[in-house]
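# Results of the structural survey
Residue-level listing of the chains:
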Amino acid sequence: MDGGGRLARSLRSLRPQADLKAAAIGAAVLLRARLGLNRGPAKPRLEREQQPHRLIAFLERYLPRRAGVAATVLMLLAAPV
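The rules we used
- The residue count restarts for each chain, going from 1 along the sequence in the order it is written.
- Since the coordinates come from a predicted model, pLDDT governs what is reported: local features require at least 70, and pairs of side-chain atoms require 80 or more to be given and counted, while whole-chain, interface and lining totals use all residues.
- Values shown for side chains rest on all heavy atoms present in the structure; no hydrogens or waters enter the calculation.
- Helix and strand definitions here come from DSSP, where helices need a minimum of 4 consecutive H or I residues and strands a minimum of 2 consecutive E residues; each element is numbered from the N-terminal end.
- Each residue gets one of three labels from its accessible area relative to the maximum for its type: buried under 20%, exposed over 50%, partly exposed in between, using a 1.4 Å probe on protein chains only.
- Only the protein chains shown count as cover for residues, with accessible areas throughout obtained via the Shrake-Rupley method and a probe of 1.4 Å.
- Grouping into patches uses exposed residues only, defined as over 30% relative accessible area, and leaves out salt-bridged ones; the cut-off is 9 Å for like charges and 5 Å for nonpolar side chains (Val, Leu, Ile, Met, Phe, Trp, Tyr).
- A side-chain nitrogen of Lys or Arg and a carboxyl oxygen of Asp or Glu constitute a salt bridge if their distance falls within 4 Å.
- Here is the rule: rings of Phe, Tyr and Trp (six-membered ring for Trp) pair when centre to centre is within 6.5 Å. Planes less than 30 degrees apart are stacked, more than 60 are edge-to-face, and the remainder are tilted.
- Within a predicted model, pLDDT stands for the predictor's per-residue confidence, ranging from 0 to 100.

### Comments concerning the overall build of the protein chain
When its secondary structure is counted, the protein chain shows three helices and zero strands. Listed by position from the N terminus, the elements making up the protein chain come as α-α-α. Evaluated residue by residue, the protein chain yields a buried proportion of 0% over its 81 residues. Of the accessible surface of the protein chain, which amounts to about 8700 Å², a share of 61% is contributed by carbon and sulfur atoms.

Printed below as a string of structure tokens:
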């Protein structure tokens with residue numbers, strides 16, 4: 001409280017709850033490490049439908065980055081007003 005008997009922060013502040021949540025997450029991480037239950041990152045599984053088309057994979061591999069942005073800007077500049 002401040003000198004006038006008022007609270008210095010909002011009553012609806014989420015700060016204490018956020019602190020408890022962070023502490024619980026930290027405790028869970030430490031417990032997993034202590035028990036040796038650490039799991040590696042999950043590997044994404046690509047199904048046949050999710051794999052990119054061969055042409056798209058080729059273009060993504062061999063075209064430099066931002067080539068699409070440069071082509072779009074050139075087309076907009078070349079377009080008649």
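### Digging into a nonpolar patch on the surface
A cluster of nonpolar side chains, namely Leu55, Phe58, Leu59, Tyr62 and Leu63, defines an oily patch on the protein surface of about 540 Å² accessible area. Checked against the element boundaries, leucine 59 lands in helix α2 (residues 54–62).

### Observations regarding the packing of aromatic side chains
The tally for this structure, following the rule as stated, stands at one aromatic pair. Geometrically, the ring pair formed by phenylalanine 58 and tyrosine 62 is tilted, given 4.9 Å between the ring centres and 50° between the ring planes. Here tyrosine 62 and phenylalanine 58 lie together in helix α2, a separation of four residues that amounts to about one turn. We classify phenylalanine 58 as partly exposed; its relative accessible area is 47%.

### Let's talk about the confidence of the model for the protein chain
For the protein chain, mean pLDDT is 77; residues scoring 70 or higher make up 67% of the total. Ranking the helices and strands of the protein chain by mean pLDDT puts helix α3 (residues 67–78) first, with 93, and helix α1 (residues 15–35) last, with 78.

### Focus: unusual backbone geometry
Phi is positive for arginine 66, which is not a glycine, with a value near 65°. Inspection of the secondary structure assignment puts arginine 66 in the loop between α2 and α3.

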